[in-house]
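Residues per chain are reported as follows:
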Amino acid sequence: MSTTGSYWKTVPRKSFVTFLLGVFFIFSAVGFANDVMAMGRQPLLRLVLIVLLDGLFPIGYALSGIILRKRFWKAFVPLFAVHYTLMFLLGNWLPNLPAAAPLRAADIARMGSRLNLDGVGIILAMALGYACFIHFYITEGRRYFRVHAEMALATEIHRVLVPAIDTKMGSF
């Protein structure tokens, strides 16, 4: 068994969930960026669904890598196909709002407010994702060093309490 496989089996559930939340938030920012590229013309329902899909599917990608390791592609490829099929269907079901040829002041204000929402969404998603990853690394780092400190202490206690056997009996 590889070290990576055994590592993930020992990660406490709370740390694992924090890691997956980090994945969700980092990748959900892609949904907001997608709306920026559409100049804020996506229907609000489509924006919400894309943000959710762009956050949830990477959790599946991460889990496929953690669980299947070298065979991750067996889950990754179908997940990827479903992910992008859903995105395509969403685009057809809820198409972008038409762009007004001459932008009126109200259109400019609406677009500015929508792009502002996207920018705040990207910043929050990235910050929350980063915070989750930092929390995960700090928590797991403490756990790692605590275990290794305990092992070093146990080794030292064993060395002190159990003397080395230097007795020779015949050829033994």
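A brief structural summary.

Calculation rules
Residues numbered from 1 in each chain as written. Predicted model: local features only at pLDDT ≥ 70, side-chain atom pairs only at ≥ 80, totals over all residues. Heavy atoms only, no water. Helix = DSSP H or I, 4+ residues; strand = E, 2+ residues; numbered from the N terminus. Rg over C-alpha atoms; globule rule 2.2 N^0.38 Å. Buried < 20%, exposed > 50% of the residue type's maximum accessible area, 1.4 Å probe, protein only. Contact = heavy atoms within 4.5 Å. Lys, Arg positive; Asp, Glu negative; His and termini not counted. Charge placed at Lys NZ, Arg CZ, Asp CG, Glu CD. Core = buried A, V, L, I, M, F, W, Y, C linked by side-chain atoms within 4.5 Å. Patch = residues over 30% accessible without salt bridge, like charges linked within 9 Å, V, L, I, M, F, W, Y side chains within 5 Å. Areas by Shrake-Rupley, 256 points an atom, 1.4 Å probe, with all protein chains shown as cover. Salt bridge = Lys/Arg side-chain N within 4 Å of Asp/Glu carboxyl O. Phe/Tyr/Trp six-rings, centres within 6.5 Å; stacked < 30°, edge-to-face > 60°.

## Some words on the overall build of the chain
Assigned secondary structure in the chain consists of five helices and zero strands. Ordered by position in the sequence, the α and β elements of the chain form the string α-α-α-α-α. The globule rule puts the C-alpha radius of gyration for 172 residues at 16 Å, and the 26 Å found for the chain is more than 25% above it. The C-alpha extent of the chain, read off along each of the three principal axes, is 100 × 35 × 20 Å. Of all 172 residues assigned to the chain, the portion counted as buried reaches 30%. Residue pairs in contact within the chain that sit at least 24 positions apart in sequence constitute 79% of those at least 6 positions apart. Side chains of the chain carry 17 positive and 8 negative charges; the gap between the two charge centres is 7 Å.

## What about the nonpolar core?
In a soluble, globular protein the nonpolar side chains are often hidden away together inside. Counting residues in hydrophobic clusters, the biggest one holds 14 residues, and the most contacted among them are Trp 8, Phe 16, Phe 19 and Val 23. Residue assignment for this core shows that the elements contributing at least two residues are α2 (13-37), α3 (44-68) and α5 (105-161). Of the residues forming this core, the biggest block, six residues, is contributed by α2. Filtering out sequence-adjacent residues up to four positions away, Phe 16 remains in contact with Trp 8, Val 11, Leu 63 and Ile 66. One finds Ile 50, Phe 57, Tyr 61 and Leu 90 within the second-largest nonpolar core, a separate group that totals six residues.

## A word on a nonpolar patch on the surface
A cluster of nonpolar residues, Leu 44, Val 48, Leu 52, Leu 56 and Leu 117, forms a patch on the protein surface that exposes about 430 Å² of accessible area. Among the elements that make up the nonpolar patch, the one with the highest residue count is α3 (four residues). Structurally, Val 48 is set in helix α3. Taking the relative accessible area as the measure of exposure, Val 48 reaches 41% and is therefore partly exposed.

## Topic: the pattern of salt bridges
Side chains that carry opposite charge are capable of pairing whenever their charged atoms lie near each other. Tallied over the entire structure, the rule returns four salt bridges. A salt bridge links Glu 140 to Arg 143, with the shortest nitrogen-to-oxygen separation between them at 2.7 Å. Placement of both Glu 140 and Arg 143 in helix α5 is noted, with a separation of three residues, approximately one turn of the helix. Relative accessible area serves as the criterion here: at 22%, Arg 143 is assigned to the partly exposed category. For Arg 159, the salt bridge is made with Glu 156, and the minimal N-O distance between the two is 2.4 Å. Residue Arg 159 and its partner Glu 156 are located together in helix α5, separated by three residues, close to a single helical turn.

## What about the packing of aromatic side chains?
Taken as a whole, this structure holds 14 aromatic pairs when the rule is applied. Ring-pair connections join several aromatic residues into one group, and the members of that group are Tyr 7, Trp 8, Phe 16, Phe 19, Phe 133, Phe 136 and Tyr 137.

Everything listed is a geometric property; what it means functionally is a separate question.
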